[in-house]
Amino acid sequence: MSELPPSSDLGADSATSTARKRATRIAVVGGVVALAVGAAAAVVTDLIPLWAQLLPFAASVLVFGLPHGAVDHLVLPRAYGRPVTPRALAFVGGLYLTVGGLYAVVWWFAPAAAFAAFIGLTLVHWGQGDVYTLVAIAGADHLRTRAARALTAFVRGGIPMFVPLVAFPAEYAFVAQALVGLFDPAAVAALEPAFTLEARLVVGVVLAASILGSLAIGFRAADDHGPWLLEAGETLGLVAYFAVVPPILAIGLYFPFWHSLRHILRAMLLDEPARSRLARGPLAGAFGRFARDAAPLTAGALVLFVALALLVPTTPATVADLLGLYLVGIAVLTLPHVVVVVLLDRRIGLWAPGR
């Protein structure tokens, strides 16, 4: 195997090392708390109305979820050690306008295909986020090769996308209808084969084999089994979580408090003042600086949601419609955000040939 690349896009000084260790603890504790809350709520899920299950999604508008991508215009220059210039801002703005705009058009003309693409896109994005956290922040030496990282990315992105499909097909179909139905209620019929028992069995077998293979390969490759134990514990914990917690509540908690929190920590580690506060000062200082940076484009994203509400063919009138509207907006914002994350990963050679 090739040598592990530098542990992150950061330097190797003691303050950075301290910040990285603290970020690892925050990511793990935040994720565990979110999963524990979801698992506890699952015990009484029949007593929790739909509107209450949607509360984590509502909170994610301002807490971690939506804001986590609202610093894309800042993280790219910071990652490359460049000042934030009008040209850099124009690049990210143009990226969101063109890539996000084109994807929005797909929702209007082929909503079922757009929904399927959203599932695949989310799988890739959430997988790449967890791989970065494991390799660059937690220092997982067992993920040395590009193949090992790709398999781990598929597993970690596939768990929140596929385990609910296997365990809660009716709820999964409900969410699909909420999104696709905003544009063409009849189009959801094209997705029905995915909810059959046969399709779900295939998905379950493929995902289970991938999980076992990924953990076995990692165990054999590890010199330090600490990060491997972290990965194994998180992976198996996520499987159990998504198998028992209803999908709307499960994703509503996972999105802000697992995925988004980890990306926010990555953004903080790229920002020297936030990184310093993460290493030595109270966490409120680091998170407060991030909130300040994210506020303008978070507000801009809210304008997008208002525009979507006015433009979609079906006027949102129910709680399910509002969920669908929010997720379509998130989908449109996710595609250009993924491009930014790919550029960040490229900066540190996370997926370089031979890795």
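None of the values given here were measured: they were computed from a predicted structure.

A.B. asks: How would you summarise the overall build of the chain if you had to cite specific residues and measurements?
C.D. replies: Of the regular secondary structure elements, the chain holds 14 helices and zero strands. Scanning the chain from its N terminus toward the C terminus, one meets helices and strands in the order α-α-α-α-α-α-α-α-α-α-α-α-α-α. The C-alpha atoms of the chain give a radius of gyration of 20 Å, which matches the 20 Å a tight globule of 355 residues would have. Expressed as lengths along the three principal axes of its C-alpha atoms, the size of the chain is roughly 55 × 45 × 40 Å. For the chain, restricting intrachain contacts to residue pairs at least 6 apart in sequence, the fraction spanning at least 24 positions comes to 79%. Averaged over its 23 positive side-chain charges, the chain has a centre that lies 11 Å from the centre of its 20 negative ones.

A.B. asks: Now, about the nonpolar core: what can you tell me, with residues and values included?
C.D. replies: Formed by 70 residues in total, the largest nonpolar core has its most connected members in Trp107, Phe115, Leu179 and Phe242. With 11 residues, helix 14 (residues 319-347) is the single largest residue contributor to this core. The residues touching phenylalanine 115, leaving out its near neighbours within four places in the chain, are Trp107, Tyr172, Ala176, Leu179, Val180 and Leu191. Ala19, Val92, Ala148 and Met268 belong to the second largest nonpolar core, which has 39 residues in total.

A.B. asks: Talk me through the side chain of threonine 298; I want residue IDs and the actual numbers.
C.D. replies: Mapped onto the elements, threonine 298 comes out in helix 13 (residues 283-311). Overall, threonine 298 belongs to the buried group, its relative accessible area being 6%. Those residues in contact with threonine 298, other than ones at most four positions away along the chain, are Val61, Leu62, Leu66, Pro67 and Ala70.

A.B. asks: With reference to specific residues and values, describe a nonpolar patch on the surface.
C.D. replies: Taken together, the side chains of Leu50, Trp51, Leu55, Phe174 and Val319 make up a nonpolar region of the molecular surface, amounting to roughly 460 Å² of accessible area. Mapped onto the elements of the fold, phenylalanine 174 is located in helix 8 (residues 169-180).

A.B. asks: Before we move on, could you go through the pattern of salt bridges and cite the residues and values that matter?
C.D. replies: In this structure the tally under the stated criterion is 11 salt bridges. For aspartate 130, the salt bridge is made with arginine 156, and the minimal N-O distance between the two is 3.0 Å. Here the residue aspartate 130 occupies a position in helix 6 (residues 111-137), and arginine 156 occupies one in helix 7 (residues 146-167), the gap between them amounting to 26 residues. For aspartate 130, a relative accessible area of 2% translates into the label buried. Judged by relative accessible area, which is 0%, arginine 156 ranks as buried. Of the charged contacts, one joins arginine 262 and aspartate 130 as a salt bridge, the two residues approaching to 3.7 Å between their closest N and O atoms. With arginine 262 in helix 11 (residues 247-270) and aspartate 130 in helix 6, the pair connects residues that are 132 residues apart, well separated along the chain. Judged by relative accessible area, which is 4%, arginine 262 ranks as buried.

A.B. asks: For the environment of leucine 297, give the residues involved together with the corresponding values.
C.D. replies: In this fold, leucine 297 is placed in helix 13. The exposure class of leucine 297 is partly exposed, given its relative accessible area of 43%. Each C-alpha atom of the pair leucine 297 and valine 332 lies 14 Å from the other, and the pair is 35 residues apart in sequence. Setting aside anything within four residues of it in sequence, one finds leucine 297 in contact with Ala70 and His73.

A.B. asks: Which residues make up the confidence of the model for the chain, and what values go with them?
C.D. replies: In this model, the chain carries a mean pLDDT of 92, and residues with pLDDT of at least 70 account for 95%. Across residues 1-8, where pLDDT falls below 50, the model places 25 contacts with residues more than four positions away in sequence or in other chains.

A.B. asks: Lay out unusual backbone geometry in plain terms, naming residues and giving numbers.
C.D. replies: In the Ramachandran plot, phenylalanine 64 falls in the positive-phi region, its phi being about 70 degrees despite a non-glycine side chain. The residue phenylalanine 64 is located in the loop between helix 3 (55-60) and helix 4 (72-79) in this model.

A.B. asks: Requested: an account of the environment of alanine 178, with residues and values cited.
C.D. replies: Summarising the element assignment, alanine 178 is placed in helix 8. Separated by 144 residues in the primary sequence, alanine 178 and leucine 322 have C-alpha atoms spaced 8.3 Å apart. Excluding residues within four positions of it along the chain, alanine 178 makes contact with Ala320 and Gly324.

Criteria and thresholds
- Residues numbered from 1 in each chain as written.
- Predicted model: local features only at pLDDT ≥ 70, side-chain atom pairs only at ≥ 80, totals over all residues.
- Heavy atoms only, no water.
- Helix = DSSP H or I, 4+ residues; strand = E, 2+ residues; numbered from the N terminus.
- Rg over C-alpha atoms; globule rule 2.2 N^0.38 Å.
- Contact = heavy atoms within 4.5 Å.
- Lys, Arg positive; Asp, Glu negative; His and termini not counted.
- Charge placed at Lys NZ, Arg CZ, Asp CG, Glu CD.
- Core = buried A, V, L, I, M, F, W, Y, C linked by side-chain atoms within 4.5 Å.
- Buried < 20%, exposed > 50% of the residue type's maximum accessible area, 1.4 Å probe, protein only.
- Patch = residues over 30% accessible without salt bridge, like charges linked within 9 Å, V, L, I, M, F, W, Y side chains within 5 Å.
- Areas by Shrake-Rupley, 256 points an atom, 1.4 Å probe, with all protein chains shown as cover.
- Salt bridge = Lys/Arg side-chain N within 4 Å of Asp/Glu carboxyl O.
- pLDDT = per-residue confidence, 0-100.

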